[in-house]
Amino acid sequence: MADIRVICAIGQSGQLGLDGVLPWEGNPERPFVEDVERFFDVSRGHVLIAGPRTVASFPAFVARDRTIVEIRSHEDPEEVLSRFADRVVFVGGGPRVWDVYAPYVRHWDINRMPYDGPADTWFDPAWLLAGGAGRR
């Protein structure tokens, strides 16, 4: 089976989103820029699966050195993941995707950002307990 991972950034209180984007989206301060750079560095050479909105948000260069796969809610996660046996797969897309894929995630790479403002979407610690580390 594939090595399933998530790499994400959260605010100081677990903030994930605001109005459909990261609450700090476009912030030019160094910690925010470094987080984006790190995401693209860590995911290089691997598979990124995400919903249509997240895939559409990736800059064009991302597809040059990663396999980008747009997933849909009607797809069976086990079938999707079985396409990538022996690969590292990063699951993107936020809560709706993570609610479904969390049981398969073996590693959560969470970067806490220096942001403590408003949000309408939050990280759910239950994802960490969904059982991915013990699945094989």
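To start, this report covers the structure provided alongside it. Just so we're clear, the structure is a prediction, and the values are computed from it rather than from any experiment. Every chain is numbered independently, its residues counted from 1 as its sequence is written. Reporting in this predicted model follows two pLDDT cut-offs: at least 70 for local features of residues, and 80 or more for side-chain atom pairs to be given and counted; totals over whole chains, interfaces and linings ignore these cut-offs and use all residues. The side-chain numbers reported here are obtained from all heavy atoms of the structure, hydrogens and water having been left aside.

Digging into the nonpolar core
Ranked by size, the top nonpolar core spans 24 residues in total, and within it Ile4, Ile49, Val89, Val91, Trp98, Tyr101 and Trp108 carry the most contacts. Looking at this core, the elements with two or more residues in it are strand S1 (3–10), strand S3 (47–50), helix H3 (77–82), strand S5 (88–91) and helix H4 (95–101). What makes two residues a contact is simply this: any of their non-hydrogen atoms within 4.5 Å. Excluding residues that lie within four positions of it along the chain, Ile49 makes contacts with Val69, Ile71, Val80, Leu81, Phe84, Val89, Phe90, Val91, Gly92 and Tyr101. Residues Phe40, Val55, Phe58 and Phe90 belong to the second largest nonpolar core, which totals ten residues. Throughout, nonpolar core names a set of buried Ala, Val, Leu, Ile, Met, Phe, Trp, Tyr and Cys residues whose side chains join them through atoms within 4.5 Å. For every residue, the accessible area (1.4 Å probe, protein chains only) is compared with the maximum for its type, and the residue is labelled buried under 20%, exposed over 50%, or partly exposed between those bounds. Numbering of helices and strands runs from the N terminus; a helix is a DSSP stretch of H or I covering at least four residues, while a strand is a stretch of E covering at least two.

Here's the deal with the sheet that holds S3
Reading across from one edge, S4-S3-S5-S1-S6 is the order of the five strands in this open sheet, with parallel pairing throughout. Two strands close off the open sheet at either side, each with one partner strand: strand S4 (67–70) and strand S6 (107–112). Going across the sheet, the axis of each strand differs from the next one's by a mean of 25°, ignoring polarity. Alignment of S1 against S6, held across six bridges, turns out to be parallel. Its bridge partner lying in S6, Cys8 is registered against Ile110. Axis angles are defined between N-to-C directions and span 0 to 180 degrees, where every axis is a line fitted to C-alpha atoms and, for a helix, only to the segment in contact. Packed on one face of the sheet, helix H1 (residues 30–43) meets S1, S3, S5 and S6 and runs near 175° to S1. A pair of strands is considered paired only if DSSP assigns at least 2 bridges between the two.

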